[in-house]
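Residues per chain, in single letters:
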Amino acid sequence: MMKLPRQFFEPLAIGAPLPMRELPVQLERMIHFIPPHIEKMRAKVPDMINSVDVILGNLEDAIPADAKADARAGFIQMARDNDFGQTGLWTRINCLNSPWVLDDITEIVGEVGDKLDVIMLPKVEGAWDIHYLDQLLAQLEARHNLQKPIMIHAILETAQGVNNVEEIATASPRMHGMSLGPADLAASRAMKTTRVGGGHPDYGVLSDIDESTAARQFSQGDLWHYTIARMVDACAGADIKPFYGPFGDFSDNEACEQQFKNAFLQGCAGAWTLHPKQIDIARRVFSPPADEVIFARKILAAMPDGTGAVMIDGKMQDDATWKQARIIADLARMVADRDPELAAAYGF
Ligand code: GLV
Ligand code: MG
């Protein structure tokens, strides 16, 4: 049994806004996490609105049990107190089997649902988790007379979630995208690590022994390549956006940058930033490099209708590289609109 295709675009509650047919076009290079129960952090929000693409009030892990209600109230307060303009306002609610989640959803949607763009749902295991939130949001949107549907962003952080990643991606027109959650996923898989993202020095391959020197090289592998690849294909196939999640070692900016870069090159739109110094790293990595933008624009200029084959700097270009160039140039255009320095570097 399958739901009729046209039913996907009917509201799930009488009076709820129509589901979106397309994702809003939004630059989301960094999803910046803040703990909303801390007043000092909330006070930074007005400045932050100008320096990040998305601000997320975190209610889930890292918020102590005795601060859950304050975090929720603090998020409602910061949503009310600020005009977010082009900057996205998201919250990460507690997981669906927790004692806090029902109040998270009903209070936040009731109080500031008109300002909320996206709810990030942790520990999603299958389409049923999305369906539950989808229906509940429609009921609340109808009750509170909201005009714009709130989107859902799933965290991919359980083994079962990875097994069901394609069904999760296509579970609802509310789906905005997905983030890899390497810390919970490591626990769920019984990986023998104690880290939040990044590599591990013992995971890799040894070269064969060189007969003459008896030497061999160890190359560290990427623990996350497989999952990011699955997530990117599931999201791209469903026309939603994939993201890398947290990088927990704030003392290793180089490794953070490399992790973000691998995600960017594989197709991710952005990453989480948990520390202010990760904001610049994400901005640098998830904005396309100027030389790539300039080359992409050369391809587009050389193939005005996107067909045929031309040579540029000794490299063959055809319809497929034209499409790659389009992706990079369109992203550069969005970045340029937000960032005058990069606009100049891109030659816009
Ligand atoms: C994020 O929530 C993670 O578990 O990595
Ligand atoms: Mg997690």
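In this text, all values refer to a predicted model and were calculated from it rather than measured experimentally. (Residues numbered from 1 in each chain as written. Chains lettered and ligands numbered in written order. Predicted model: local features only at pLDDT ≥ 70, side-chain atom pairs only at ≥ 80, totals over all residues. Heavy atoms only, no water.)

K.L.:
For this particular structure, what's the right way to read the sheet that holds strand E1 (residues 30-34)?
P.N.:
Sheets are built from strands paired through backbone hydrogen bonds, the pairs being either parallel or antiparallel. The strand order around the closed barrel formed by eight strands is E1-E2-E3-E4-E5-E6-E9-E10, and the pairing between neighbours is parallel. On average, adjacent strands in this sheet sit at an angle of 25° to one another, irrespective of strand direction. Pairing of strand E6 (residues 175-180) with strand E9 (residues 241-244) involves four bridges; the strand directions are parallel. Considered in E9, the bridge of methionine 178 is made with proline 242. The strands touched by helix H3 (residues 68-81) within the sheet are E1, strand E2 (54-58) and strand E3 (88-92), with E3 carrying the most contacts at an inclination of about 170°. (Pairing = 2+ DSSP bridges. Helix = DSSP H or I, 4+ residues; strand = E, 2+ residues; numbered from the N terminus. Axes fitted to C-alpha atoms, helices over the stretch in contact; angles between N-to-C directions. Contact = heavy atoms within 4.5 Å.)

K.L.:
Explain the nonpolar core here, please?
P.N.:
In summary, soluble globular proteins display a tendency toward joint burial of nonpolar side chains. Counting residues in each nonpolar core, the largest one holds 70 residues, and the members touching the most others are Ile55, Ile105, Ile130, Met178 and Phe260. Counting residues per element, this core draws most heavily on helix H5 (residues 127-143), at six residues. Apart from residues lying up to four places away in sequence, isoleucine 55 is in contact with His32, Ile34, Val45, Met48, Ile49, Met78, Phe84, Thr87, Gly88, Leu89 and Trp90. Core analysis: the next-biggest nonpolar cluster, separate from the first, contains 12 residues, Met20, Val54, Val118 and Trp272 among them. (Core = buried A, V, L, I, M, F, W, Y, C linked by side-chain atoms within 4.5 Å. Buried < 20%, exposed > 50% of the residue type's maximum accessible area, 1.4 Å probe, protein only.)

K.L.:
Mind showing me how you'd approach the domain arrangement of the protein here?
P.N.:
Buried accessible area, meaning the area lost when the parts come together, often serves as the stated size of an interface. The domain boundaries assigned to the protein delineate domain 1 (5-286) and domain 2 (292-346). Averaged C-alpha coordinates put domain 1 and domain 2 at centres separated by 29 Å. On the side of domain 2, six residues touch domain 1, which itself brings 12 residues to the contact. For the pairing of domain 1 and domain 2, the buried interface totals around 620 Å² over both sides, and the portion due to carbon and sulfur atoms is 59%. Remark: the boundary between domain 1 and domain 2 carries one salt bridge. Summed over the shared surface of domain 1 and domain 2, the result is three residue pairs in polar contact (both at pLDDT 80 or more). Its residues assigned to classes, the side of domain 1 that touches domain 2 comprises six nonpolar, three polar and three charged. (Domains from an automatic or database assignment. Buried area = accessible area lost by both parts, 1.4 Å probe. Salt bridge = Lys/Arg side-chain N within 4 Å of Asp/Glu carboxyl O. Polar contact = N/O pair within 3.5 Å; in protein donor to acceptor, adjacent residues only side chain to side chain. Nonpolar A, V, L, I, M, F, W, Y, C, P; charged D, E, K, R; others polar.)

K.L.:
Just checking my understanding: could you explain the pairing of strand E10 (residues 270-273) for this structure?
P.N.:
Residues in a regular strand project their side chains so that they alternate between the two faces of the sheet. As judged from the three bridges shared by E1 and E10, these two strands associate in the parallel manner. Bridged to methionine 30 within E10 is alanine 271. Strand direction decides the pairing type here: E9 and E10, joined by two bridges, are parallel. What sits directly across from phenylalanine 243, in E10, is glycine 270.

K.L.:
Would you explain the packing of helix H12 (residues 290-302) against helix H13 (residues 319-338) in this entry?
P.N.:
In helix packing, the relevant descriptors are the interaxial angle and the interaxial distance, both defined with respect to the helix axes. Two elements in contact, H12 and H13, have axes separated by 8 Å at closest approach and are oriented at 125°. As judged from the angle between their axes, H12 and H13 are oblique. As H12 runs across H13, the sense of the crossing is left-handed. Residues Glu292, Val293, Ala296, Arg297, Ile299 and Leu300 of H12 lie in contact with H13, whose contacting residues are Thr321, Trp322, Ala325, Arg326, Ile328, Ala329 and Ala332. In terms of residue class, the contact of H12 with H13 is built from nine nonpolar, one polar and three charged. (Parallel < 35°, antiparallel > 145°, perpendicular 65-115°, else oblique. Left-handed = near helix turned anticlockwise from the far one by under 90°.)

K.L.:
How do you make sense of the pattern of salt bridges when you look at a structure like this?
P.N.:
Between side chains of opposite charge, a pair can form as their charged atoms come close. Taken as a whole and assessed by the stated rule, the structure comprises 20 salt bridges. Residues lysine 298 and aspartate 313 are paired through a salt bridge, measuring 3.5 Å at the closest nitrogen-oxygen approach. Residue lysine 298 is located in helix H12, and its partner aspartate 313 is located in the loop between strand E11 (310-312) and strand E12 (315-317); the two are separated by 15 residues in the primary sequence.

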